[in-house]
Amino acid sequence: MRIILFIGKGGVGKSTNASATAALSAACGKKTLLVSSDLAHNLLDILDVQGEPGLVKLSENLTILEVDILSEIKENWDSVQQYLTDFFSYLKMDRMIAEEISLIPGMDAIFLLTRILKEIESGNWDVVIIDCAPTAGTLRLLTLTDSSSNKFNQILKVERSLLKLIRPIGKQIKGVKQILPEDELYVKFSRIIEDIGRLGDILRDPGQSSIRLVLNPDKIAIAESKRAFTYFALFGFPVDAVMVNKLLPRELNSGYFQNWFQLQHEQMAVLEKSFINTRILPITHYDQEPIGLARLEEMGRDVYKDLDPAGVLSEVNTVCFEKKDHHVILSILIPNIDKSMLDIGRKDNDLIISAGNYSRILTLPDSLVNDDISKAEYKDDRLLLSFDKRGQPV
């Protein structure tokens, strides 16, 4: 099974490219699901069909899913919301306000992830294509799947164990029993966190998942995509292609559009240097908007040519270990960044790597828990960390 995420800033044609890829994948005989993870859904408009949020079957092999996030929140958060509302009401808060506060910001993003995981694990699809929200929102969404979710689950297990000891006593005290959460709430919390962590493992597997960055050939879009490429690599999400949308045809290399054509040509040279070893797919600016399944399939054939749209377009290994002499070298792909922005910390078997505004907690394998970092260097877009046994001469 393949999972492909289409990511880019708003207005670059991300949804259209995702739809064209899904249309071609389905035409090639693969059971394909096209999902919108942007709360402002527009897939039905692009495919020129009518429908309500939920699963909409367009053809034998192509289905669209625009998630009804309110239904997802109600299904997954109802019992937790009830507890929080009762808790805030116990603290003398107006119940209507308590109900509003109990809907914690970010719940929509979390249940969007768990809904996507449900489809991935259903076994119904050969390919799942995800039209993501604009870049910054998707970065925040995907960092939720980091290994820190496992740490949070460990905390919940400790709290749950403590409450098992406290609950029999607390229920005998008037007032206290009203605010003690039932065990089922911890089960629900744990399941949500485990789901998010499991989705993260799937999305970091380069054989199963990949990201395709969509951008226009202009300076601002390229700069944002370079930053996104850096941060996705930091968190272990493989980018297998960069799709450059709205390239002016050669016929416009004169007259009014000549300067625009030359600027785009210059930016393509920048792209080639910024995304080394990553496939770049140029997409000509069409003379009319590609709307509807037939035209999107035609666009997909034009973009991918002889390539499999659901295949791995670039081999990417974001994190790898190598044994060399008495060293173990951890190599982490972090492209397009000034090494002065990198910071490394360690606590027990957790490696904390910061790059600019983002930090990742990487859990080391047990075999390295008692090893020391003897050397760190940034070379050829990779952070290289050498581990040695404690007391071992370097």
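Structure: above.
Just so it is clear, the structure is predicted and the values come from calculations on it, not from any experiment.

So, the packing of aromatic side chains
The full count for this structure, using the stated rule, is two aromatic pairs. Pairing F229 with F275 gives two aromatic rings, centres 5.0 Å apart and planes at 40°, and the pair type is tilted. Of this pair, F229 sits in helix α9 (residues 219-234) while F275 sits in the loop between α10 (258-274) and β8 (279-284), placing them 46 residues apart in sequence. Look at F229 and you get buried, because its relative accessible area is 6%. Of the residues examined, F275 reaches a relative accessible area of 1% and is grouped as buried. Both rings, one in Y256 and one in F257, keep their centres 5.1 Å apart while their planes meet at 85°; by these two values the pair is edge-to-face. The class for Y256 is exposed, based on a relative accessible area of 71%. You can call F257 partly exposed: its relative accessible area is 35%.

Remarks on α10
Between its first and last C-alpha, α10 extends 25 Å over 17 residues, near the 24 Å set by a 1.5 Å rise per residue. Those residues of α10 that fall on the buried side of the exposure criterion are F261, Q264, Q267, M268, L271 and S274. Viewed along the axis of α10, the buried residues span an arc of 130°, placing them on a single side of the element. Facing away from the buried surface of α10 by more than 90 degrees, the exposed residues are N259, H265 and K273.

Looking at the pairing of strand β4 (residues 62-66)
Within β4, five of the five residues are buried, which leaves the element mostly enclosed by the surrounding structure. Side chains of β4 alternate between two faces, with L62, I64 and E66 and T63 and L65 buried alike. Judged from the five bridges that link them, strand β2 (residues 32-36) and β4 form a sheet pairing that is parallel. Each bridged residue has a counterpart across the sheet, and for L34 the counterpart in β4 is I64. Here strand β3 (residues 54-57) pairs with β4 via four bridges, running antiparallel.

Some details on the sheet that holds strand β7 (residues 239-247)
One open sheet holds the eight strands; their spatial order is β3-β4-β2-β5-β1-β6-β7-β8, and the pairing between them is mixed. Strands with a single pairing partner mark the edges of an open sheet, and in this sheet they are β3 and β8. Each strand axis lies, on average, 20° off the axis of its neighbour in the sheet, ignoring direction. Taken together, the five bridges between strand β6 (residues 209-215) and β7 define a ladder with parallel strand orientation. From the neighbouring strand, L215 faces β7, where its bridge partner is V244. Against the sheet, helix α1 (residues 14-27) engages β1 (2-7), β2, β4, β5 (127-131), β6, β7 and β8, with an angle of about 165° to β5.

Basis of the calculations
- Residues numbered from 1 in each chain as written.
- Predicted model: local features only at pLDDT ≥ 70, side-chain atom pairs only at ≥ 80, totals over all residues.
- Heavy atoms only, no water.
- Phe/Tyr/Trp six-rings, centres within 6.5 Å; stacked < 30°, edge-to-face > 60°.
- Helix = DSSP H or I, 4+ residues; strand = E, 2+ residues; numbered from the N terminus.
- Buried < 20%, exposed > 50% of the residue type's maximum accessible area, 1.4 Å probe, protein only.
- Expected span 1.5 Å × (residues − 1).
- Arc of directions from axis to C-beta.
- Pairing = 2+ DSSP bridges.
- Axes fitted to C-alpha atoms, helices over the stretch in contact; angles between N-to-C directions.
- Contact = heavy atoms within 4.5 Å.

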